[in-house]
Amino acid sequence: MRMSTIVFAVGARPNFVKMAPVIEAVGRLGLFRRLVVHTGQHYDERMSAEILDDLGFPEPDRFLGVGSGSHGEQTGFTLIAFERVLLEERPDLVVVSGDVNATLACSLAASKLGIPVAHVESGLRSRDWTMPEEQNRVLTDRLSELLFTHSPDADENLLAEGIDGERIHYVGNTMIDTLRRLEREARDRRVWATLGAEQGKYALVTLHRPSNVDHEGRLQAVVGALAELGANVPVVFPVHPRTWARLESLGGLERLQRAEVTCVEPLGYLDFLSLECGAGLIVTDSGGLQEEASALGVPCYTLRPNTERPITISQGTNTLIGDDPAAIAALRRSNEPPAPCAIPLWDGHAAERVADVIANAFGAVGAIATSA
Ligand code: UD1
């Protein structure tokens, strides 16, 4: 009998971290031919190759080279290029993760060809339709046959949207699988020391959402607040290329440097995780970081009015500080040592559960029926 083919589609930084353990766990089953497709949404050495390398990610079988552009361009080019791969390879399942443009485009291409889609990190909802990620999540879930969730609230969201409960599988958090696998190695790197910071005594900052960095007035307010924070606690700020470009154009980098906020280029996975492990507090607008901070037990302050990850508030270390950057200035580090949170099924084994569900879904007839 022909071995069924599973395509794993990734495009941007967070996809690599969520998908790496899934590819490995499916590989361990020895039941499927695996094909890894990298759309190229992220392409810089720092945003892609270095992270893939740290993760021991398999060399992608196809690289689509889609690159940056407007949402329409990025989604559209990915749709066209990924459809070509699907037509050539005729896979039996496409696995996507998260909520980036690559996630939606690959799901749509597969669904239109009648190829079942499995979505890892399904069901998260911020209920903020202005976020591109929220649109990507809702649409991807609607197109998916297998929906893998990491928290009970995600199951509830999907059920409330009318998705058949039999297609929803609460498996846990594959991003935390990766974190647990590499945590020791990351801690041992002590990257904070190379930046002149002391363990537990610095703030780690990441900000890249369009709502926080794309408007000049708002970014100026962010810079002002970070400079004030820096007067109280040393700040380390790995800067996403999107944020870097905006800061450069309004002189924000010099202002931050004068305020002793250490701005560095984006880091690889291990170096960044090392900084997370050593931080006294984290300030962010990233989704993944709210989860990683909770798993590590480091207090996390999220510059957003909402989160699609409420479990990081109810059972983790996350606090929403709202929309006003001025709130950053008042943050202080705690003197308590980190207390890692034991969120159910964030136990380092989520990807194995994903692989088992996939194997079962193929069942005796060796195919997944589509009903989406
Ligand atoms: C994307 C995701 C976001 C995720 C983030 C993680 C969408 C809609 N957004 O945002 O959910 O949190 O990835 O990092 O998919 N750029 C480079 N080099 C790169 C990639 C991007 O310089 O390798 C620059 C380009 O100027 C590009 C800009 O960053 O236009 C934005 O990149 P893009 O992939 O469109 O969105 P992100 O902000 O990275």
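That block above? That's the structure.
Residues numbered from 1 in each chain as written. Predicted model: local features only at pLDDT ≥ 70, side-chain atom pairs only at ≥ 80, totals over all residues. Heavy atoms only, no water.

### A closer look at the overall build of the protein
In plain terms, the rule: The secondary structure listing takes helices from DSSP runs of H or I that are at least 4 residues long and strands from runs of E that are at least 2 residues long, numbered from the N terminus. Computation of the radius of gyration draws on C-alpha atoms, with the globule rule given as 2.2 Å multiplied by the number of residues to the power 0.38. In this scheme, a residue with accessible area under 20% of its type's maximum is buried, one over 50% is exposed, and one in between is partly exposed, where area comes from a 1.4 Å probe on protein chains only. Contacts were defined at the residue level, with two residues in contact if any of their heavy atoms lie within 4.5 Å.
Regarding its fold elements, the protein presents 17 helices and 13 strands. The C-alpha radius of gyration computed for the protein amounts to 20 Å, which stays within 12% of the reference 21 Å derived for 372 residues, consistent with globular compactness. For the protein, the spread of C-alpha atoms along the three principal axes comes to 65 × 40 × 40 Å. Classification of the 372 residues of the protein by burial places 58% in the buried group. Residue pairs in contact within the protein that sit at least 24 positions apart in sequence constitute 70% of those at least 6 positions apart.

### Brief notes about the sheet that holds strand S6 (residues 146-149)
Note the following rule: At least two bridges found by DSSP between two strands are what make those strands a pair.
Pairing is parallel across the open sheet formed by seven strands, whose spatial order is S3-S2-S1-S4-S5-S6-S7. Edge positions in the open sheet fall to strand S3 (62-63) and strand S7 (168-170), since each of these has one partner strand only. The sheet contact formed by strand S2 (residues 33-38) and S3 spans two bridges and is parallel. Considered in S3, the bridge of His38 is made with Phe63.

### So, the nonpolar core
If you look at soluble globular proteins, the nonpolar side chains tend to sit buried side by side. How we decide: For our purposes a nonpolar core is just a set of buried Ala, Val, Leu, Ile, Met, Phe, Trp, Tyr and Cys residues, chained together by side-chain atoms within 4.5 Å.
Ile6, Leu55, Phe57, Val95, Phe148 and Ile358 are the most contacted members of the largest nonpolar core, which totals 56 residues. In terms of residue count, the dominant contributor to this core is helix H1 (residues 13-29) (eight residues). The residues contacting Val95, other than those within four sequence positions of it, are Ile6, Val7, Phe8, Ala9, Met19, Ala118, Val120 and Ile358.

### Quick notes on the packing of aromatic side chains
Heads up, the rule is: Pairing of aromatic side chains requires ring centres within 6.5 Å, counting the rings of Phe and Tyr and the six-membered ring of Trp. Pairs whose planes differ by under 30 degrees are stacked, by over 60 edge-to-face, and all others tilted.
If you walk through the whole model with that rule in mind, you get two aromatic pairs. Seen in terms of ring centroids, Phe16 and Phe57 are 6.1 Å apart; in terms of plane orientation they differ by 65°. Their pairing is edge-to-face. Remark: Phe57 occurs in the loop between helix H2 (45-55) and S3 and Phe16 occurs in helix H1; sequence separation between them is 41 residues. As far as burial versus exposure is concerned, Phe16 and Phe57 are alike and both buried.

### Side note on the side chain of Thr243
Among the structural elements, Thr243 can be located in helix H11 (residues 241-249). In this structure Thr243 touches Leu207, His208, Val213 and Phe237, once residues within four positions along its chain are discounted.

### What to know about the site of the ligand
Put simply, the test is: Residues are classed as near a molecule or strand on a simple rule: at least one heavy atom within 4 Å of it. Counted as a polar contact is a pair of N or O atoms within 3.5 Å, where, for protein atoms, one must be capable of donating a hydrogen and the other of accepting one, and residues adjacent in sequence contribute only when both atoms are in side chains. The protein chains shown are the only cover counted for residues, whose accessible areas, like all others here, come from Shrake-Rupley with a 1.4 Å probe. For this classification, the nonpolar set comprises Ala, Val, Leu, Ile, Met, Phe, Trp, Tyr, Cys and Pro, the charged set comprises Asp, Glu, Lys and Arg, and every other residue, Gly included, is treated as polar.
Near the ligand lie 18 residues; those nearest to it are Gln41, His42, Asn101, Glu133 and His240. In the model, an oxygen atom of the ligand is placed 2.8 Å from a nitrogen or oxygen of the Asn101 main chain. Take His208: an N or O atom from its side chain is 2.9 Å from an oxygen atom of the ligand. With the chains in place, 84% of the 740 Å² that the ligand exposes on its own is no longer accessible. At the level of elements, H1, helix H3 (71-89), helix H5 (132-143) and H11 are the ones that each hand at least two residues to the shell around the ligand. A class-by-class count of the residues in the shell around the ligand yields six nonpolar, eight polar and four charged.

### Description of helix H13 (residues 269-278)
An α-helix turns once every 3.6 residues. As a result, residues three or four positions apart point the same way. Along H13, nine of the ten residues are buried, which leaves the element largely enclosed by surrounding structure. Listed in full, the buried residues belonging to H13 are Tyr269, Leu270, Phe272, Leu273, Ser274, Leu275, Glu276, Cys277 and Gly278.

### Considering the sheet that holds strand S11 (residues 281-284)
Strands pair in a sheet through their backbones, by hydrogen bonds, and they do so in one of two ways: parallel or antiparallel. Definition in use: Axis lines are fitted through C-alpha atoms, for helices just across the contact stretch, and the angle between N-to-C directions can take any value from 0 to 180 degrees.
Strand order in the open sheet formed by six strands is S10-S9-S8-S11-S12-S13, with parallel pairing between adjacent strands. Of all the strands in the sheet, just strand S10 (261-264) and strand S13 (318-320) have a single pairing partner and so form its edges. On average, each strand axis in the sheet is tilted by 20° relative to the strand beside it, whichever way the strands run. Against the sheet, H13 makes contact with strand S8 (203-206), strand S9 (235-238) and S11, and its axis sits at roughly 135° relative to S8, the strand it touches most.

### Overview of the state of the cysteines
The criterion, for reference: Criterion for a disulfide: a pair of cysteine sulfur atoms at a distance within 2.5 Å.
This model, assessed by the stated rule, comprises zero disulfides. Cys263 takes part in no disulfide bond, and the closest cysteine sulfur to it belongs to Cys300, at a distance of 19 Å. With a relative accessible area of 10%, Cys263 lands in the buried category. The structure places no disulfide on Cys341, whose sulfur is separated from the nearest cysteine sulfur, that of Cys300, by 11 Å. Cys341 gets classed as buried once you look at its relative accessible area, which sits at 18%.

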